Amino acid sequence: AQSVTQLDSQVPVFEEAPVELRCNYSSSVSVYLFWYVQYPNQGLQLLLKYLSGSTLVKGINGFEAEFNKSQTSFHLRKPSVHISDTAEYFCAVTVFQGGKLIFGQGTELSVKP
Amino acid sequence: EAQVTQNPRYLITVTGKKLTVTCSQNMNHEYMSWYRQDPGLGLRQIYYSMNVEVTDKGDVPEGYKVSRKEKRNFPLILESPSPNQTSLYFCASSQYGRETRSYEQYFGPGTRLTVT
């Protein structure tokens, strides 16, 4: 079985500062990894995904994530955040069969002026 | 526009009163699923469907039913809602991509259900 742990439930940060949202996963088989963003009162939007190949993945809105197989991590980073990045961020994994996503608990990113 | 729609978006009901949340997608996707989102727990899959007339339980199926009579629709049925089913519900659809060798799921806007 797979599991995902997001290590921080809340991350407050000032505007234009860098941010890292941490995600660790557990799986006995290869997985595909995703980051989703949920803006207030909205559904989930895909930020980026790792399927194979380069371990550094670039997504929308200036976000990127690095897959580290040895540490089973997939941390999300942005070098300079904006107020509009305030949202909840979910890390998720899936295996080939079925397409079921296993989500982490979510991290609330709060960007302050 | 490719999208997943859910109705209603908000619903307040009482314990035991049967309700249905509809989900429809216009992308001809085979795979559809329902998730519930609860604070501190993230999203958990309730049921999924691989195609018409093919459904199976996810991680938290108790108290829910689904049906898949048409490819585009995947309603979630609560026969006798209870307060512990108060949650935010998301429908999702996806198709296996031969190039990506994965499912990329598209989510609906969510239905906030309160059971009193």
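Everything numeric here is computed off the predicted structure, so don't read it as measured data.

Draft legend 1. View of the overall build of chain A. Looking only at helices and strands, chain A has zero helices and twelve strands in total. Reading the secondary structure of chain A in the N-to-C direction produces β-β-β-β-β-β-β-β-β-β-β-β. For 113 residues, the compact-globule estimate of 2.2 N^0.38 gives 13 Å, and the C-alpha radius of gyration of chain A, at 13 Å, lies within 12% of that figure. Its C-alpha atoms give chain A principal-axis dimensions of roughly 45 × 30 × 20 Å.

Draft legend 2. Broad picture of the nonpolar core. All names here are of chain A. Formed by 30 residues in total, the largest nonpolar core has its most connected members in Trp35, Leu48, Phe74, Leu76 and Tyr89. The element best represented in this core is strand 10 (residues 87–94), accounting for four residues. Contacts of Phe74, omitting those with residues within four sequence positions, involve Cys23, Leu33, Phe34, Trp35, Leu48, Lys49, Tyr50, Ala65, Glu66, Phe67 and Cys91.

Draft legend 3. Structural detail: the interface of chain A and chain B. Between chain A and chain B, the residue contacts involve 22 residues of the former and 23 residues of the latter. Across the chain A to chain B interface the summed buried area is about 1800 Å²; carbon plus sulfur atoms make up 53%. The tally of links from chain A across to chain B stands at zero salt bridges. At the junction of chain A with chain B, the criterion picks out two residue pairs in polar contact (both at pLDDT 80 or more). Ranked by residues supplied to the side of chain A that touches chain B, first place goes to strand 5 (residues 32–38) of chain A with four residues. For the side of chain A that touches chain B, the residue count by class is eleven nonpolar, eight polar and three charged.

Draft legend 4. Quick peek at the state of the cysteines. Tallied over the entire structure, the rule returns two disulfides over all chains. Two residues share a disulfide in this structure: Cys23(A) and Cys91(A), whose sulfurs sit 2.0 Å from each other. Given an S-S torsion of about -65°, the disulfide between Cys23(A) and Cys91(A) has left-handed geometry. On the criterion of sequence distance, the pair formed by Cys23(A) in strand 4 (residues 23–26) and Cys91(A) in strand 10 is long-range, its members being 68 residues apart. Judged by its relative accessible area of 0%, Cys23(A) is buried. Owing to a relative accessible area of 0%, Cys91(A) belongs among the buried residues under this scheme. Covalent S-S linkage joins Cys23(B) and Cys91(B), the inter-sulfur distance amounting to 1.8 Å. Measuring the twist about the S-S bond at about -70°, one finds the Cys23(B)-Cys91(B) disulfide to be left-handed. Here Cys23(B) is found in strand 3 (residues 19–25), whereas its partner Cys91(B) is found in strand 9 (residues 87–94), with 68 residues between them in sequence. One exposure class covers both Cys23(B) and Cys91(B), and it is buried.

Draft legend 5. A look at the layout of surface pockets. Size it by volume and the largest pocket reaches roughly 510 Å³. In this structure, the largest pocket is lined by 31 residues; those nearest its centre are Gln38(A), Glu88(A), Gln37(B), Leu88(B) and Arg112(B). Only strand 10 and strand 12 (107–112) of chain A together with strand 4 (31–38), strand 9 and strand 13 (111–115) of chain B provide two or more residues apiece to the lining of the largest pocket. Looking at the lining of the largest pocket residue by residue, the class counts come to ten nonpolar, 16 polar and five charged. Estimated volume of the second largest pocket: approximately 360 Å³. If you list the elements that add at least two residues to the lining of the second largest pocket, you get strand 6 (44–50) of chain A together with strand 1 (4–7) and strand 12 (106–107) of chain B. The dominant element in the lining of the second largest pocket, judged by the number of residues it contributes, is strand 6 of chain A, at three residues.

Conventions adopted
Residues numbered from 1 in each chain as written. Chains lettered and ligands numbered in written order. Predicted model: local features only at pLDDT ≥ 70, side-chain atom pairs only at ≥ 80, totals over all residues. Heavy atoms only, no water. Helix = DSSP H or I, 4+ residues; strand = E, 2+ residues; numbered from the N terminus. Rg over C-alpha atoms; globule rule 2.2 N^0.38 Å. Core = buried A, V, L, I, M, F, W, Y, C linked by side-chain atoms within 4.5 Å. Buried < 20%, exposed > 50% of the residue type's maximum accessible area, 1.4 Å probe, protein only. Contact = heavy atoms within 4.5 Å. Buried area = accessible area lost by both parts, 1.4 Å probe. Salt bridge = Lys/Arg side-chain N within 4 Å of Asp/Glu carboxyl O. Polar contact = N/O pair within 3.5 Å; in protein donor to acceptor, adjacent residues only side chain to side chain. Nonpolar A, V, L, I, M, F, W, Y, C, P; charged D, E, K, R; others polar. Disulfide = S-S within 2.5 Å. 1 Å grid on protein atoms, 1.4 Å probe; cavity = no way out; pocket = protein on both sides within 12 Å on 5 of 7 lines; lining within 4 Å. Points joined across faces, edges and corners; volume = space filled by probe spheres on them.

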